[in-house]
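Results of the structural survey
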Amino acid sequence: MENTTQQPCPLIVFDGVCVLCHAAVRFIDRHDSRQQLKVVPLQSELGQYLQQQFDINLLHNNTIMVISESGVFTRSAALFAIAGYLDRPWCWLRGFRWLPRGLNDCLYEQLARRRYRLFGRYEQCRMPALTLRTRLLENIEQLDELQSLISSARSGKH
């Protein structure tokens, strides 16, 4: 089932060499049945461009980035933004956003800093499974279709 809205799909910019991040992307693929979310490896040409556009170094900050028409989200705010697009019961995780942001971000950062040690890392960005390729954006040529999303996200940056 494809995204049938006129709004551009939100983008998740993730660490393409992180084993945990790849598992999270596979989880999203299974639980976003409406195919609303697209993924961009930060090591890709498009991922590098998006980091520059929003002045966020994802590896240095140990975070992911979600770019939507509502803005740009990182750390725990990005996780809650993603949860809002998932099928039930996973979308209910978004309710945890009402906990103090400092607490949510602290928990997020503890795991993010240790993700390579706990889960491992790939030598290079892995090619996703065939089912994920419809969600994958990585080429700068795909930028034209993202311009309205980028403009909207800039005005709502969080």
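Anyway, here's the lowdown on the structure attached to this text. None of the values given here were measured: they were computed from a predicted structure. (Residues numbered from 1 in each chain as written. Predicted model: local features only at pLDDT ≥ 70, side-chain atom pairs only at ≥ 80, totals over all residues. Heavy atoms only, no water.)

1. Observations regarding a nonpolar patch on the surface
A cluster of nonpolar side chains, Trp90, Leu93, Phe96, Leu99, Leu103 and Leu107, forms an exposed patch at the surface whose accessible area comes to about 550 Å². Mapped onto the elements, phenylalanine 96 comes out in the loop between α3 (75–83) and α4 (101–119). Taking relative accessible area as the criterion, phenylalanine 96 reaches 46% and is therefore assigned partly exposed. (Patch = residues over 30% accessible without salt bridge, like charges linked within 9 Å, V, L, I, M, F, W, Y side chains within 5 Å. Areas by Shrake-Rupley, 256 points an atom, 1.4 Å probe, with all protein chains shown as cover. Salt bridge = Lys/Arg side-chain N within 4 Å of Asp/Glu carboxyl O. Helix = DSSP H or I, 4+ residues; strand = E, 2+ residues; numbered from the N terminus. Buried < 20%, exposed > 50% of the residue type's maximum accessible area, 1.4 Å probe, protein only.)

2. Observations concerning the nonpolar core
Counting residues in hydrophobic clusters, the biggest one holds 19 residues, and the most contacted among them are Ile12, Phe14, Val66 and Ile82. Mapped by element, the contributors of at least two residues to this core are β1 (11–14), α1 (19–31), α3 and α4. Of the residues forming this core, the biggest block, four residues, is contributed by α3. Residues within four places of isoleucine 12 in sequence aside, it is in contact with Ile28, Leu37, Lys38, Val39, Val40, Met65, Val66 and Ile82. (Core = buried A, V, L, I, M, F, W, Y, C linked by side-chain atoms within 4.5 Å. Contact = heavy atoms within 4.5 Å.)

3. As for α3
Most of α3 sits inside the fold, with seven of its nine residues counted as buried. Within α3 the residues assigned to the buried category are Ser76, Ala77, Ala78, Phe80, Ala81, Ile82 and Ala83. Packing partners of the buried residues in α3 comprise β1, α1, β3 (65–68), β4 (71–74) and α4.

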